[in-house]
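Tertiary structure, described
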Amino acid sequence: MSAGINASQWPSHVIVCEVGPRDGLQNEKTMFSVEQKVELIERSVEAGAKIIEIGSFVHPKAVPQMADTDAVAKKIKQIPGVEYRALVLNLKGLERAEAAGLKKAKLTASASRAHSLANINKTPEEVVRGFSDCANFAAAHGMELSGAISTAFGCPFEGRVPLEQVLSVIACFREIGVKELSLSDTTGMANPRQVYDYCQKVKAEFPDITWVLHFHNTRGMGLANVIAGMMAGMDRFDACFAGLGGCPFAPGATGNIATEDLIHMLHEMGVSTGYDLDKVLAIGRSVREIIGHETSSFILKAGKCSDLVKGKE
Ligand code: ZN
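Here is a short report on the structure shown in this document. (Residues numbered from 1 in each chain as written. Predicted model: local features only at pLDDT ≥ 70, side-chain atom pairs only at ≥ 80, totals over all residues. Heavy atoms only, no water.)

1. Observations concerning empty space enclosed by the protein
- As enumerated under the stated definition, the model contains 1 cavity of 30 Å³ or more in all.
- Of the volumes computed, that of the largest cavity is approximately 40 Å³.
- Residue lining of the largest cavity: Glu-18, Ser-44, Ala-47, Phe-241, Tyr-275, Val-280 and Ile-283, and that is the complete set.
- Of all the secondary structure elements, the ones that give two or more residues to the lining of the largest cavity are helix H2 (34-47) and helix H12 (277-291).
- Taken together, the residues of the lining of the largest cavity break down into 5 nonpolar, 1 polar and 1 charged. (1 Å grid on protein atoms, 1.4 Å probe; cavity = no way out; pocket = protein on both sides within 12 Å on 5 of 7 lines; lining within 4 Å. Points joined across faces, edges and corners; volume = space filled by probe spheres on them. Helix = DSSP H or I, 4+ residues; strand = E, 2+ residues; numbered from the N terminus. Nonpolar A, V, L, I, M, F, W, Y, C, P; charged D, E, K, R; others polar.)

And the structure:
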């Protein structure tokens, strides 16, 4: 039996990456205007986001909500020290990102063989090796690349995705020179014990990689998975304002962990994030107003713990 985690092992600071403008808005029926997106991005940075995913450069027919990412990227006022990234699927997307003034792009591949074959008729390894043209383009244009490994824990086609399979995809990303990777639980199937286990092993196997964890709260395990990741030494997590973002295999299901829920939990634990939680909550309220329906954010509904205490003073 392990002795359990030592409290001094909790990180003192955690980086929360805001993915709302991409993962959140792409799942909403409401179409946000370029101006609305730019405002949300700039407010998020104002609230403390140091890494923000502003959209994706994919085919407009595939994801109409993201069709105007070029215009959004050109319009935002980029603040030095903040990383503005977009998701791309191929060289064409990367070229658009570069032309729109972005310095960072995220490539994505599925860890699940069955999912990858069913989707694009290529194995995950073939997909990642195919990104070598993107790696060359990025190097030639002074751009940075990161990689996202979707269905890294579970997949509706094959259930639990074996760690060996995830390691194989990581190795392929490593081969083309990508040194920042996110493990994404796209379908909300990861559990804390699995997260702890996978994180410890990927860190040990690839110590020079910067890791990001991306959890959806589809089955209520999102924040528990964050804790498990922190216990394994992870300190970068994606989250989405108001908890938007669904699950591609479960229409109507809860989306990403909410930025305000994650920041609230971390601050309650004495872990700093650099965010002003009240500003993050105000963004969540604005988003909720625009989409016109409740979201899965807990803190938007319940308020902060400290709100209660203040009321009793
Ligand atoms: Zn996601």
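2. Comments concerning the packing of helix H8 (residues 163-175) against helix H9 (residues 192-205)
- Axis separation between H8 and H9 bottoms out at 11 Å; the angle between their running directions is 35°. By crossing handedness, the relation of H8 to H9 is classed as right-handed. Where H8 approaches H9, its residues Leu-163, Val-166, Leu-167 and Ile-170 are matched on the opposing element by Tyr-198, Lys-201, Val-202 and Glu-205.
- Residue composition of the contact of H8 with H9, grouped by class: 6 nonpolar, no polar and 2 charged. (Axes fitted to C-alpha atoms, helices over the stretch in contact; angles between N-to-C directions. Left-handed = near helix turned anticlockwise from the far one by under 90°. Contact = heavy atoms within 4.5 Å.)

3. Details of the coordination of the zinc ion
- The coordination sphere of the zinc ion contains the protein donors Asp-23 (OD), His-214 (NE2) and His-216 (NE2), at a distance range of 1.9 to 2.1 Å.
- Between consecutive donors of the zinc ion, the numbers of intervening residues give the motif D-x190-H-x1-H. Separated by 193 residues along the polypeptide, Asp-23 in helix H1 (residues 20-24) and His-216 in the loop between strand E9 (210-215) and helix H10 (222-231) bring together distant segments of the chain.
- Residue class for Asp-23 comes out buried when judged on its relative accessible area of 4%. (Donors = N, O, S within 2.8 Å, 3.2 Å for Na, K, Ca; no water. Buried < 20%, exposed > 50% of the residue type's maximum accessible area, 1.4 Å probe, protein only.)

4. Digging into the packing of aromatic side chains
- Scanning the entire structure with this criterion turns up 3 aromatic pairs.
- Aromatic pair Phe-131 and Phe-173: ring centres 6.2 Å apart, planes at 25°, arrangement stacked. Note that Phe-131 is positioned in the loop between helix H6 (124-129) and helix H7 (132-140) and Phe-173 in helix H8, a separation of 42 residues in sequence.
- Both rings, one in Phe-153 and one in Phe-215, keep their centres 6.1 Å apart while their planes meet at 40°; by these two values the pair is tilted. Separated by 62 residues along the polypeptide, Phe-153 in the loop between strand E5 (144-150) and strand E6 (154-155) and Phe-215 in strand E9 bring together distant segments of the chain. (Phe/Tyr/Trp six-rings, centres within 6.5 Å; stacked < 30°, edge-to-face > 60°.)

5. Some points on the side chain of Glu-260
- Within the element layout of this structure, Glu-260 appears in helix H11 (residues 259-268).
- Despite its burial, Glu-260 pairs with no opposite charge, the nearest such side chain being Arg-288 at 7.7 Å. (Lys, Arg positive; Asp, Glu negative; His and termini not counted. Salt bridge = Lys/Arg side-chain N within 4 Å of Asp/Glu carboxyl O.)

6. Things to note about the state of the cysteines
- Enumeration over the complete set of coordinates arrives at 0 disulfides.
- Lacking any disulfide linkage, Cys-199 is separated from the closest cysteine sulfur, that of Cys-17, by 14 Å. (Disulfide = S-S within 2.5 Å.)

7. Re the pairing of E5
- Buried residues dominate E5, accounting for 6 of its 7 residues.
- Here strand E4 (residues 104-110) pairs with E5 via 7 bridges, running parallel. Directly across from Thr-108, in E5, lies its bridge partner Ala-148. (Pairing = 2+ DSSP bridges.)

8. Topic: the environment of Ala-152
- Along the chain, the position of Ala-152 falls in the loop between E5 and E6.
- On the basis of relative accessibility, which here comes to 1%, the residue Ala-152 falls in the buried class.
- Considered as a pair, Ala-152 and Ser-112 are 40 residues apart in the sequence and their alpha carbons are 7.2 Å apart.
- Other than its neighbours up to four places away in sequence, Ala-152 contacts Ala-111, Val-161, Val-166, Leu-183, Ser-184 and Tyr-198.

9. Regarding the layout of surface pockets
- As a volume, the largest pocket reaches approximately 1,200 Å³.
- Along its surface, the largest pocket is lined by 42 residues, and Val-58, Leu-87, Leu-89, Thr-108 and Asn-119 are the ones closest to its centre.
- The set of elements that each furnish at least two residues to the lining of the largest pocket consists of H1, strand E2 (51-57), helix H4 (91-99), E4, helix H5 (113-120), H7 and E5.
- Grouping the amino acids of the lining of the largest pocket by side-chain chemistry returns 16 nonpolar, 19 polar and 7 charged.
- The calculated volume of the second largest pocket comes to roughly 320 Å³.
- Tallied by class, residues from the lining of the second largest pocket come to 6 nonpolar, 11 polar and 3 charged.

10. Focus on the side chain of Gln-65
- Within the element layout of this structure, Gln-65 appears in the loop between E2 and helix H3 (69-75).
- There is a polar contact of 3.2 Å between the side chain of Gln-65 and the backbone oxygen of Gln-26.
- In this structure the side chain of Gln-65 is engaged in a polar contact, spanning 2.9 Å, whose partner is the backbone oxygen of Glu-28. (Polar contact = N/O pair within 3.5 Å; in protein donor to acceptor, adjacent residues only side chain to side chain.)

11. Some remarks on the packing of H2 against H12
- Between H2 and H12, the shortest axis-to-axis distance is 9 Å and the interhelical angle comes to 165°. Considered as vectors, H2 and H12 are oriented roughly antiparallel to each other. Two packed elements cross with a definite hand, and for H2 against H12 that hand is left-handed. Together, Gln-36, Leu-40, Arg-43, Ser-44, Glu-46 and Ala-47 of H2 and Lys-279, Val-280, Ala-282, Ile-283, Ser-286, Val-287 and Ile-290 of H12 make up the contact between the two elements.
- When the residues that make up the contact of H2 with H12 are grouped by side-chain class, the tally is 7 nonpolar, 3 polar and 3 charged. (Parallel < 35°, antiparallel > 145°, perpendicular 65-115°, else oblique.)

This is a description of form; function is not addressed.
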